[in-house]
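# Secondary and tertiary structure notes
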Amino acid sequence: MDQPNYRIEPQTPPLEDFLRLRKITGLTVYSEEAAKEGLKGTIAAATVYYGEQVVGIGRLVGDGGCVFVICDIAVDPAHQGNGLGKAIMASLMDYVQNNLNSKAYVTIIADLPADKLYEQFGFEATAPDSIGMAYRVP
């Protein structure tokens, strides 16, 4: 990471910071119980610190062998524009390239315009061959 005031750690973000960053970046807000359980499924993570404050997060989740999802990419708005999203993705992709089985399927649901960031790491739109779909439990 080019920013001397930041450091990135390959660790699951603390629950409170995970919930806070999701909220302030406009991502879906989960209950504390759901987030606590969900964080247990982290295979790899990138947590960005500014001093002792968590200002960025990203996770890789999946079945451990075949299918994986990069998710929860979030950077505190006060720290956006410093290359932190790119550093989070670089950290996660380093894990992907060095630890996952050949032919593992890694997906990401890209909010626009973040798709431009993910394209830098080799992600491609799957349409028209396939489309991303989601179901949110009511």
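Further up the page is the structure itself.
Before going into details, it helps to say that this report is about the structure given with it.

Attention now goes to the overall build of the protein chain. In terms of regular secondary structure, the protein chain is built from four helices and five strands. Over its C-alpha trace the protein chain gives a radius of gyration of 15 Å, about what one expects of a compact globule, namely 14 Å for 138 residues. Across its three principal axes, the protein chain shows a C-alpha extent of roughly 45 × 40 × 30 Å. Within the protein chain, buried positions represent 36% of all 138 residues. At a minimum sequence separation of 6, the contacts of the protein chain that also span at least 24 residues come to 59%. Total accessible area computed for the protein chain in this model is approximately 8700 Å², and 52% of it derives from carbon and sulfur atoms. For the protein chain, the distance from the average site of its 11 positive side-chain charges to the average site of its 17 negative ones is 3 Å.

Further remarks concern the pairing of strand E3 (residues 53-62). With eight of ten residues buried, E3 is to be regarded as a mostly interior element. Judged from the eight bridges that link them, strand E2 (residues 42-50) and E3 form a sheet pairing that is antiparallel. When the bridges of E3 are listed, Ala45 appears paired with Arg59. Relative to strand E4 (residues 67-75), E3 runs antiparallel, the two sharing six bridges.

Attention shifts here to the pattern of salt bridges. Scanning all chains against the criterion turns up eight salt bridges. In this structure, Arg7 engages Glu9 in a salt bridge whose closest nitrogen and oxygen atoms are separated by 3.2 Å. For Arg7, a relative accessible area of 33% translates into the label partly exposed. For the salt bridge of Arg59 with Asp72, the shortest nitrogen-to-oxygen distance reads 2.5 Å.

Turning next to the environment of Ile24. Looking at the element boundaries, Ile24 is found in helix H1 (residues 15-24). Along the primary structure Ile24 and Tyr118 are separated by 94 residues, whereas in three dimensions their C-alpha atoms are 21 Å apart. Once you skip the residues sitting within four places of it in the chain, Ile24 turns out to touch Asp76 and Pro77.

Moving on, we come to the packing of aromatic side chains. How two aromatic rings sit relative to each other is given by the distance of their centres and the angle of their planes. Considering all chains together, one arrives at one aromatic pair under this definition. Relative to Tyr50, the ring of Tyr6 lies with its centre 5.0 Å away and its plane at 45°, an arrangement referred to as tilted. On the criterion of sequence distance, the pair formed by Tyr6 in strand E1 (residues 6-9) and Tyr50 in strand E2 is long-range, its members being 44 residues apart. Here Tyr6 falls in the buried class, since its relative accessible area comes to 12%.

Rules used in this analysis
- Residues numbered from 1 in each chain as written.
- Predicted model: local features only at pLDDT ≥ 70, side-chain atom pairs only at ≥ 80, totals over all residues.
- Heavy atoms only, no water.
- Helix = DSSP H or I, 4+ residues; strand = E, 2+ residues; numbered from the N terminus.
- Rg over C-alpha atoms; globule rule 2.2 N^0.38 Å.
- Buried < 20%, exposed > 50% of the residue type's maximum accessible area, 1.4 Å probe, protein only.
- Contact = heavy atoms within 4.5 Å.
- Areas by Shrake-Rupley, 256 points an atom, 1.4 Å probe, with all protein chains shown as cover.
- Lys, Arg positive; Asp, Glu negative; His and termini not counted.
- Charge placed at Lys NZ, Arg CZ, Asp CG, Glu CD.
- Pairing = 2+ DSSP bridges.
- Salt bridge = Lys/Arg side-chain N within 4 Å of Asp/Glu carboxyl O.
- Phe/Tyr/Trp six-rings, centres within 6.5 Å; stacked < 30°, edge-to-face > 60°.

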